[in-house]
Number of protein chains: 2
Amino acid sequence: MVGSGAVGSFYGAHLAQAGAEVTMLCRSDYAVVKRDGITIVSIDPTTAARQTRQFRPYRVIDHIGAYADTADVILVALKVLPEIDTAALIAPAVQAQHTRILLLQNGIDVEKPLAAAFPQHEILSGLAFVCLNRVAAGMIHHLGYGRVTLGRYPTGSSVIAQRLAELFQASAIPAQLSPQIGRDRWQKLIWNAPFNPLSVLGNATTHDILRCADSARLAAEIMAEVITIAQTEGHLFGPELIAKNLEDTRNMAPYRTSMLVDHQSGRPMEIDAILGRPLRIAQEKGLKVPRLATLHALLQLLSHAVTTRR
Amino acid sequence: MVGSGAVGSFYGAHLAQAGAEVTMLCRSDYAVVKRDGITIVSIDPTTAARQTRQFRPYRVIDHIGAYADTADVILVALKVLPEIDTAALIAPAVQAQHTRILLLQNGIDVEKPLAAAFPQHEILSGLAFVCLNRVAAGMIHHLGYGRVTLGRYPTGSSVIAQRLAELFQASAIPAQLSPQIGRDRWQKLIWNAPFNPLSVLGNATTHDILRCADSARLAAEIMAEVITIAQTEGHLFGPELIAKNLEDTRNMAPYRTSMLVDHQSGRPMEIDAILGRPLRIAQEKGLKVPRLATLHALLQLLSHAVTTRR
């Protein structure tokens, strides 16, 4: 498991619980995880009841060169940031022909550089629908959901995708195989593209966004812009998805998006994965998506201004 | 002078310095201003040199009913907020036929409700180009500029406009008479509509906004949207104004806009005056201004979310 943030720690713990030998690649939290393992605290949003589980990784390493085994699957649960070259980072561990790579990340086209760097290897792609918060090194709060969708990149399935889904299921993670994970990434983006930026720029939960008539309408208009871009990439979504997303979000507990949590914690935001990439596709295709472009510019400004102040 | 915020205090002090008998209508800071008067600290942005002046108003009152004189001019220097009914607020003091009303406020069409409420009275309209900060009750920091443009509403000039301009000039405030103050309001809005919202949403100074390529381009695009709306109202501005605004702003000292200062101080922002009104005109005329609408929705969300949290 490359990445010991909230997603890597949470799903690493679950895979280990199901019997997998999970080596964790850590950075800043190496010492803590090596000594104490990882603690997952599941918190019920309505009752505030807590359930705590400990996860001791099979091994903990602080750089990829320390990996001495032959991995069946390298899972990548890093944030998608322009400064991270995932292919270069994992290359030393991608030895055997049978090593598969599973990307458990947000955004579209995250698989492209991996498929280019490792053309002989099977690339798997997954999406996590989960509310997590890393509150300290080795300490993850799980606030809801957990479902995983995964499939072979660019389309189809495989034996190992099936096996991973079974492992997730065995550890109480609803997992579904998708024959068209690329389309699923666009579908998730249609939710992420409005709700993540609006939560940051409005300092708002999902419910704040829906309660304010202007921002609820803006969220719907941004979804429509992303649907237009997805269409030029061959993924058709009808306008009923917009109403469904709004309705589903209304029925969720009020939620601080991962981008808002990142911003409030002073960590970099996934601006490029969630806005920059679809925007570049729109520009290439000559599509006008002024709202998406406005959000992108405002988040760029916010992250630059914050950086400048430090 | 109705309003003892930064603008009212600063220009009230200057008019008094030139010999006018200035009664200040105060609210929360009544006791402090009554006892100590108002202190204006002018700070040179490059040398940080300070020059302090004291201003003792002719009279200080805490409600309009306490006004016992006959005003030549009622100056209004209140924020433009939907919850403030300026006409009702000043009505008790608008007695004599010769009482004029001068609005020293941001935004467009601020004069309309006053002209409707007092059809027999001369309405004057003014714009202040000044960097001020009210740091405490009765304590104003003056960080740069100070120029005033004023004229008769809706167009033309008058004896009293001329006299006010002379008083400002006599107290070192560059003042110019404008025969078309409505047009001048649109011109100021073309600057305010991008820079005020972007400074709040990006937590940025004017220089931060211009340094980030994406937000500098967004600022230009928003100016173009406002120019389009102004055109339907009969005020023509060429695209060269956009380049001039960017260039002039680059040559100013880095500046936190009044909207950013309001937001950081937890005070209401002039969202309606700066974005809501031009947006309503655009909607009436069937104009598409998606960037302006996006900024408006984000600021509405931000102010609602902040209000909700308190």
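Keep in mind that what you see is a predicted model, and the values were worked out from it rather than measured.

How each quantity is defined
All residue numbers here refer to positions counted from 1 along the written sequence of the relevant chain. Labels follow written order: the first chain is A, the first ligand is 1, and so on. Thresholds applied to this predicted model are a pLDDT of at least 70 for local features of residues and 80 or more for the giving and counting of side-chain atom pairs; totals over whole chains, interfaces and linings are not thresholded and use all residues. As a rule here, side-chain values come from all non-hydrogen atoms in the structure, and water together with hydrogens is ignored. Here a helix means four or more residues in a row that DSSP labels H or I, a strand means two or more in a row labelled E, and each is numbered from the N terminus. Every radius of gyration here is taken over C-alpha atoms, with the globule rule written as 2.2 Å times N^0.38, N being the number of residues. Think of it in three bands: with a 1.4 Å probe and only protein chains considered, a residue is buried below 20% of the maximum accessible area for its type, exposed above 50%, and partly exposed in between. Residues count as neighbours in contact if any of their non-hydrogen atoms are within 4.5 Å of one another. Computed with a 1.4 Å probe, the accessible areas rest on the Shrake-Rupley method; for each residue, only the protein chains presented here act as cover. Bear in mind that the domain bounds are from an automatic or database domain assignment. By definition, the buried area sums, over both parts, the 1.4 Å-probe accessible area that each loses when the two are put together. A carboxyl oxygen of Asp or Glu within 4 Å of a side-chain nitrogen of Lys or Arg is what we treat as a salt bridge. Within 3.5 Å is the distance limit for a polar contact, defined as a pair of N or O atoms, with the added protein rule that one can donate a hydrogen and the other accept it, and that residues adjacent in sequence qualify only through two side-chain atoms. Classification convention: Asp, Glu, Lys, Arg as charged; Ala, Val, Leu, Ile, Met, Phe, Trp, Tyr, Cys, Pro as nonpolar; all other residues, Gly among them, as polar. We place the copies in one frame by least squares, fitting the C-alpha atoms of every residue whose pLDDT is at least 70 in both. By the convention used here, strands pair only if DSSP detects at least 2 bridges between them. In a helix, the anticipated span is given by 1.5 Å times the number of residues less one. By definition, the arc is the one covered by directions from the helix axis to the C-beta atoms. What counts as an axis is a line fitted to C-alpha atoms, over the stretch in contact for a helix, and the angles between N-to-C directions run from 0 to 180 degrees. Here a crossing is called left-handed whenever its near helix is offset anticlockwise from the far helix by less than a right angle, and right-handed whenever the offset is clockwise.

### Some remarks on the overall build of chain A
Helix and strand content of chain A: twelve helices and nine strands. In summary, chain A has a C-alpha radius of gyration of 19 Å against a globular reference of 19 Å for 310 residues, a match within 12%. With the C-alpha coordinates of chain A rotated into their principal frame, the extents come out at 50 × 45 × 40 Å. Here chain A, with 310 residues, has 56% of them falling under the buried criterion. Intrachain contacts of chain A at a sequence separation of at least 6 include 69% that bridge at least 24 residues. Put simply, chain A shows about 13200 Å² of open surface, and 52% of that area lies on carbon and sulfur atoms.

### Thoughts on the domain arrangement of chain A
Residues and elements named next belong to chain A. Annotation of chain A at the domain level lists domain 1 (6-179) and domain 2 (183-309). Placing a centre on the C-alpha atoms of domain 1 and another on those of domain 2 gives a separation of 24 Å. Taken together, the contact pairs 26 residues of domain 1 with 22 residues of domain 2. Of the roughly 2000 Å² buried where domain 1 meets domain 2, counting both sides, 52% is carbon and sulfur surface. The tally of links from domain 1 across to domain 2 stands at two salt bridges. Lys 79 serves as the salt-bridge partner of Asp 262, at 2.7 Å between the closest nitrogen and oxygen. Along the contact surface separating domain 1 from domain 2 lie 14 residue pairs in polar contact (both at pLDDT 80 or more). Every element with two or more residues in the side of domain 1 that touches domain 2 is listed here: strand E7 (123-136) and strand E8 (139-152).

### What about the interface of chain A and chain B?
Taken together, the contact between chain A and chain B spans 27 residues of the former and 27 residues of the latter. Carbon and sulfur atoms supply 67% of the area that chain A and chain B bury against each other, a total of about 2300 Å² over both sides. Seen at the junction of chain A and chain B, the total is zero salt bridges. In this assembly, chain A and chain B are joined by two residue pairs in polar contact (both at pLDDT 80 or more). For the side of chain A that touches chain B, the elements supplying multiple residues, two or more each, are helix H6 (181-201), helix H7 (206-211), helix H8 (213-232) and helix H12 (290-309) of chain A. Top element by residues in the side of chain A that touches chain B is H12(A). It accounts for 14 residues. Its residues assigned to classes, the side of chain A that touches chain B shows 13 nonpolar, nine polar and five charged.

### Observations concerning the relation of the copies chain A and chain B
Superposition record for chain A on chain B: RMSD 0.0 Å, screw rotation 180°, translation along axis 0.0 Å. These values place the two chain copies in the arrangement generated by a two-fold rotation axis. A shared binding surface is used by both copies, with 100% of the interface residues of chain A retained as interface residues in chain B.

### Description of the pairing of strand E2 (residues 38-43) of chain B
All names here are of chain B. Most of E2 is tucked away, with six of its six residues classed as buried. A two-sided burial pattern is seen for E2, the buried positions comprising Ile 38, Ile 40 and Ser 42 on one face and Thr 39, Val 41 and Ile 43 on the other. Bridge count for E2 against strand E3 (residues 50-55) is six bridges, and the pairing is antiparallel. Within E3, the position partnered with Ser 42 by the bridge is Gln 51. Connecting E2 to the next strand, E3, in antiparallel fashion are six residues, including Ala 48 with a positive phi near 65°. Bridge count for E2 against strand E8 (residues 139-152) is four bridges, and the pairing is parallel. Looking across to E8, one finds that Thr 39 is bridged to Met 139.

### Considering helix H9 (residues 240-251) of chain A
Residue and element names in this part refer to chain A. Between the first and last C-alpha of H9 there are 17 Å, a value that for twelve residues agrees with the 16 Å anticipated at 1.5 Å per step. Within the sequence span of H9, burial applies to Leu 241, Ile 242, Asn 245, Leu 246 and Thr 249. Across the axial projection of H9, the buried residues extend over an arc of 140°, all falling on one side. Exposed side of H9, more than 90 degrees from the buried face: Glu 240 and Asn 251 are the residues found there. Looking at the buried side of H9, the elements it contacts are H6, H7 and H8.

### Some thoughts on the packing of H6(A) against helix H11 (residues 271-285) of chain A
Residues and elements named next belong to chain A. One can describe the packing of H6 onto H11 by two numbers: an axis separation of 9 Å at closest approach and a directional angle of 115°. Handedness of the H6/H11 crossing: left-handed. Contact with H6, carried on its side by Trp 186, Leu 189, Asn 192, Ala 193, Asn 196 and Pro 197, involves Ala 273, Ile 274, Leu 275, Pro 278 and Ile 281 of H11 and no other residues of that element. Taken together, the residues of the contact of H6 with H11 sort by class into nine nonpolar, two polar and no charged.

### Some points on the pattern of salt bridges
Any two side chains of opposite charge can pair, so long as their charged atoms come close to each other. On inspection of all chains with the given rule, the structure shows 36 salt bridges over all chains. With its nearest N and O atoms 3.1 Å apart, the salt bridge here joins Glu221(B) to Arg291(B). Residue Glu221(B) is found in helix H8 (residues 213-232), and its partner Arg291(B) is found in helix H12 (residues 290-309); the two are separated by 70 residues along the sequence. With a relative accessible area of 19%, Arg291(B) lands in the buried category. Of the charged contacts, one joins Arg277(B) and Asp272(B) as a salt bridge, the two residues approaching to 3.6 Å between their closest N and O atoms. The buried category is assigned to Asp272(B), whose relative accessible area is 18%. If you follow the salt bridges from partner to partner, you end up with Lys79(A), Asp262(A) and Arg267(A) in one network.

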